[in-house]
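Next come the chains, spelled out residue by residue.
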Amino acid sequence: AQSVAQPEDQVNVAEGNPLTVKCTYSVSGNPYLFWYVQYPNRGLQFLLKYITGDNLVKGSYGFEAEFNKSQTSFHLKKPSALVSDSALYFCAVRDPMIKAAGNKLTFGGGTRVLVKP
Amino acid sequence: EPEVTQTPSHQVTQMGQEVILRCVPISNHLYFYWYRQILGQKVEFLVSFYNNEISEKSEIFDDQFSVERPDGSNFTLKIRSTKLEDSAMYFCASSGGIANTEAFFGQGTRLTVV
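The sections below set out a description of the structure shown in this document. Think of each chain on its own: its residues are numbered from 1, step by step along the sequence as written. To read the labels, note that chains go from A and ligands from 1, taken in the order they are written. Given that the model is predicted, a residue must reach a pLDDT of at least 70 before its local features are reported, and side-chain atom pairs must reach 80 or more before they are shown or counted; all residues, however, enter totals for whole chains, interfaces and linings. As a rule here, side-chain values cover all heavy atoms of the structure and leave hydrogens and water aside.

The subject of this paragraph is the overall build of chain A. Every helix listed is a DSSP run of H or I at least four residues long, and every strand listed is a run of E at least two residues long, numbered separately from the N terminus. Along its length, chain A carries zero helices and twelve strands. Sequence-ordered secondary structure for chain A, helices as α and strands as β, is β-β-β-β-β-β-β-β-β-β-β-β. Within these notes, the globule rule equals 2.2 Å times the number of residues to the 0.38 power, and the radius of gyration is based on C-alpha atoms. On C-alpha atoms alone, chain A measures out to a radius of gyration of 14 Å, which is about the 13 Å that the 2.2 N^0.38 rule sets for 117 residues. Projected onto its principal axes, the C-alpha positions of chain A cover 45 × 30 × 25 Å. Taking all 117 residues of chain A together, 48% fall into the buried category. Contact definition: two residues touch when any of their heavy atoms are within 4.5 Å. For chain A, restricting intrachain contacts to residue pairs at least 6 apart in sequence, the fraction spanning at least 24 positions comes to 58%. Across chain A, the 12 positively charged side chains and the 8 negatively charged ones have centroids separated by 7 Å. The buried label applies to any residue whose accessible area, calculated with a 1.4 Å probe on protein chains only, is under 20% of its type's maximum; exposed applies above 50%, and partly exposed to all values in between. Here the positive residues are Lys and Arg and the negative ones are Asp and Glu; neither His nor the chain ends is included. Here the site of a charge means NZ on Lys, CZ on Arg, CG on Asp, or CD on Glu.

Shown next as structure tokens:
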């Protein structure tokens, strides 16, 4: 079964400092990995994905994530955080070995990011 | 930019009542999903729908739940007899097709069962 772990419930960072949100996964085959962000009273907004190819993927709002197969990780990063990045971040995995028609995402528990001015 | 829309944004219902949550997926998408998020907990998969039938469902999606695509645009989730523990944010999502495409989520319907 596929699973995702986000070991930190909350990450606090000062504005302008680098931001990292950790994610590890478990799937039977090669994973498809996604990051979503949720602002208060809003839906989940897609940030970026890793499917194949370059391990470093770039996404919206200056975010990037690095796929590390040996560590089964897909950490989200931003070189210089903004106060407006304060939100709830979810890592998700899809196992393409599971029947394709399902396409379900399995989410981590979420990490709340608080960027202080 | 195309988006998934959900109505209502908030629904309060009495225990035992039926509720229907509505979604309009992105028009050229083929896969449709419902997820839920109980307050303070993770986002959980409920069901996926493709080619006018359920393609996968979780253990949460029991006989009290059903989904329907009554016309070419709407996608609904029905809970026949709501329980207190059904209180959650329900998200509809759609994706274009193959597994490497991202799902786009609606803003959610907050269901409160009293």
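Having seen the model, we can carry on.
This next bit is on the pattern of salt bridges. In the sections that follow, a salt bridge refers to a side-chain nitrogen of Lys or Arg positioned within 4 Å of a carboxyl oxygen of Asp or Glu. Within the structure shown, the criterion is met by six salt bridges over all chains. As a salt-bridge pair, Lys77(A) and Glu66(A) come within 3.7 Å of each other at their nearest N and O atoms. Taken together, the positions of Lys77(A) in strand 9 (residues 73-78) and Glu66(A) in strand 8 (residues 64-68) put the pair eleven residues apart, joining distant regions of the chain. Taking the relative accessible area as the measure of exposure, Glu66(A) reaches 38% and is therefore partly exposed. With its nearest N and O atoms 3.6 Å apart, the salt bridge here joins Glu56(B) to Lys104(A). In this pair, Glu56(B) is assigned in strand 6 (residues 53-57) and Lys104(A) in the loop between strand 10 (87-94) and strand 11 (106-107), connecting two distinct chains. Glu56(B) gets classed as buried once you look at its relative accessible area, which sits at 15%. On the basis of relative accessibility, which here comes to 24%, the residue Lys104(A) falls in the partly exposed class.

All names here are of chain B. Pairing is antiparallel in the open sheet, where four strands are placed in the order 1-3-8-7. Because the sheet does not close on itself, it has two edges, and the strands there are strand 1 (5-7) and strand 7 (65-68). Strand-to-strand twist across the sheet, computed as the mean angle between neighbouring axes with direction ignored, equals 20°. Two strands make a pair as long as DSSP finds a minimum of two bridges between them. Note on method: axes are straight lines fitted to C-alpha atoms, helices fitted across the in-contact stretch only, with angles between N-to-C directions ranging 0 to 180 degrees.

With that settled, consider the state of the cysteines. Residues and elements named next belong to chain A. Here, two cysteine sulfur atoms that lie within 2.5 Å of each other are counted as a disulfide. All chains considered together, the criterion is met by two disulfides over all chains. Covalently, Cys23 is tied to Cys91 through a disulfide, its sulfur atoms 2.0 Å apart. Disulfide Cys23-Cys91: the torsion about the S-S bond is -60°, which places it as left-handed. One end of the pair, Cys23, is in the loop between strand 3 (19-21) and strand 4 (24-26); the other, Cys91, is in strand 10, and 68 residues separate them in sequence.

Moving on to unusual backbone geometry. At the junction of Thr7(B) and Pro8(B), the peptide bond is cis and its omega measures out at -10° in the coordinates. Relative to the assigned elements, Pro8(B) resides in the loop between strand 1 and strand 2 (10-13). With phi around 60°, Tyr61(A) is a residue other than glycine that occupies positive phi space. Tracing the sequence through the fold places Tyr61(A) in the loop between strand 7 (56-58) and strand 8. The partly exposed category is assigned to Tyr61(A), whose relative accessible area is 47%. Its identity is not glycine, yet Asn51(B) carries a phi of approximately 55°, on the positive side. By the secondary structure assignment, Asn51(B) is in the loop between strand 5 (43-50) and strand 6. Of the residues examined, Asn51(B) reaches a relative accessible area of 60% and is grouped as exposed.

This next bit is on the nonpolar core. Judged by nonpolar contacts, the single largest core of 28 residues is most densely connected at Leu19(A), Trp35(A), Leu47(A), Leu48(A), Phe74(A), Leu76(A) and Tyr89(A). Those elements that place two or more of their residues in this core are strand 2 (10-14), strand 3, strand 5 (32-38), strand 6 (44-50), strand 8, strand 9, strand 10 and strand 12 (111-116) of chain A. Take this core: its biggest share by element is four residues, from strand 10 of chain A. Each residue touching Leu47(A), except ones within four places of it in the same chain, is listed here: Trp35(A), Tyr36(A), Val37(A), Gly59(A), Ser60(A), Tyr61(A), Phe63(A), Leu76(A) and Tyr89(A). Buried Ala, Val, Leu, Ile, Met, Phe, Trp, Tyr and Cys residues that are joined via side-chain atoms within 4.5 Å together make up what is termed a nonpolar core. Of all hydrophobic cores here, the second largest spans 22 residues; its members include Val4(B), Ile26(B), Phe75(B) and Cys92(B).

By themselves these figures say nothing about function.
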